[in-house]
Amino acid sequence: MAIRCGIVGLPNVGKSTIFNAITQAGAESANYPFCTIEPNVGRVDVPDQRLADLASIVKPNRVVPAYTEFTDIAGLVEGASKGEGLGNQFLAHIRETEAIVHVVRCFEDENVTHVRNVVDPLADIEIINTELALADLESLERQLDKIQKKARSGDKEAQKILGTGQRVLDALAAGNPARSVSLEQEEREMCRAFQLITQKPVLYLMNISEGDVESGQNEFTRTVQDFAHRENSLALSICGTIESELSCLSADEAQEFLTSLGLREPGLNRVIRESYQLLNLMTFFTAGVQEVRAWTIPRHSTAPEAAGVIHTDMQRGFIRAEVISYADFIGCKGESGAKEAGKLRLEGKEYQVQDGDVMHFRFNV
């Protein structure tokens, strides 16, 4: 499975600059609103040193990393939920993603115009969040109207869905996102069918200036971090202009540039790690002569569910999994060494896959 993240924010906050930097997709970027009309979709490999370590031992014909998809959605404006600035079209694109990366401007620059002529991250966030909540409110009202007819006829399932939906509707009406409502697992499953934008987890990506890169914060970022903490969301600072420069350099040049700035890694790596945390995901590996590959799965997935990510037949006909932890695979210098050391385990249908497991599935269909 691939992570699909929608990049949103007001116009001119640096969305397309950051999108270009992390995907090197060449999306148009300019200093005026609605530069992005059709969503640009970029695919970026997930950086994972473990994949290279496994490949150095196995020496496969090819190495296949996991990947993330980023969708650059045009700058939303106040009134987007009512169609302002092509809002309805843009909101539809957001519904197709699993998580929202909300770019917030946290830098002063008189050469880059702001849609409201003042840099105020919390006010910017409020505009976007309000528009998303209003869009959800209208959508949910329509859906609950249809469900209400079934509920009145005595349909027990419809009554349960209606009760859960009404709680979410009340939260939206009060200006709160759907994710703020405390729901049981069954209720969360019900809500997924509503396809609400504000139910998606959010990473606030704070776009800072080059001067703030070393500390990673300023007065603007501190207010956003406090807000994200209260909302139980994540916040991460990144400098769009530096990431843009890094994307044009060779690996050696990029590392030298990072070192000169006092940074250990590109912002891309941190964005992807935070995205994994946001969606509660992890990685397992398959390692053979033909290929070494990274696979993305939800945490707490069982062995059959992990097999199903490779092919549905493997989940349907699952027999058992041969499992070696990443540490044991590296420490024993491969599968043969792990077998000899007794580090290869046979796991059944109830086994919960651990991050970094190297797995081989036995199945029969």
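Note that the structure is a prediction, hence the values are computed from the model and not measured.

On to the environment of K15. Mapped onto the fold, K15 is located in helix α1 (residues 15-23). Note on K15: relative accessible area 6%, which makes it buried. In sequence terms K15 and G240 are 225 residues apart; their C-alpha atoms lie 8.3 Å from each other.

On the surface, E108, D109, E110 and E219 cluster together to form a negatively charged patch. Relative to the helices and strands, E108 resides in the loop between β5 (99-105) and α4 (121-152). Here E108 falls in the exposed class, since its relative accessible area comes to 59%.

Attention shifts here to the sheet that holds strand β4 (residues 67-72). Taking strand neighbours across the sheet as the criterion, the six strands line up as β2-β4-β1-β5-β6-β7 in an open arrangement whose pairing is mixed. Both outer strands of the open sheet, β2 (40-45) and β7 (234-238), are each paired with one neighbouring strand and no more. Between one strand axis and the next, the sheet turns by 25 degrees as a mean value, whatever way the strands run. Sheet topology note: the strand β1 (residues 3-8)/β5 ladder contains four bridges and is parallel. Bridged to C5 within β5 is A99. On the sheet, α1 packs against β1, β2, β4, β5, β6 (202-207) and β7 and is oriented at approximately 155 degrees with respect to β4.

What follows concerns the pairing of β6. Burial within β6 is extensive, with six of its six residues counted as buried. Judged by which residues are buried, β6 turns out to be covered on both faces: V202, Y204 and M206 on one side and L203, L205 and N207 on the other are all buried. Bridge count between β5 and β6: six bridges; the pairing is parallel. Along β6, the bridge assignment pairs V104 with M206. One ladder, built from five bridges, connects β6 with β7; its direction is parallel. For M206, the partnering residue across the bridge sits in β7 and is S237. Regarding topology, helix α7 (residues 219-231) serves as the crossover connection from β6 to the parallel β7, and that connection is right-handed.

Rules used in this analysis
Residues numbered from 1 in each chain as written. Predicted model: local features only at pLDDT ≥ 70, side-chain atom pairs only at ≥ 80, totals over all residues. Heavy atoms only, no water. Helix = DSSP H or I, 4+ residues; strand = E, 2+ residues; numbered from the N terminus. Buried < 20%, exposed > 50% of the residue type's maximum accessible area, 1.4 Å probe, protein only. Patch = residues over 30% accessible without salt bridge, like charges linked within 9 Å, V, L, I, M, F, W, Y side chains within 5 Å. Areas by Shrake-Rupley, 256 points an atom, 1.4 Å probe, with all protein chains shown as cover. Salt bridge = Lys/Arg side-chain N within 4 Å of Asp/Glu carboxyl O. Lys, Arg positive; Asp, Glu negative; His and termini not counted. Charge placed at Lys NZ, Arg CZ, Asp CG, Glu CD. Pairing = 2+ DSSP bridges. Axes fitted to C-alpha atoms, helices over the stretch in contact; angles between N-to-C directions. Contact = heavy atoms within 4.5 Å. Right-handed = clockwise from strand over helix to strand, strands pointing away.

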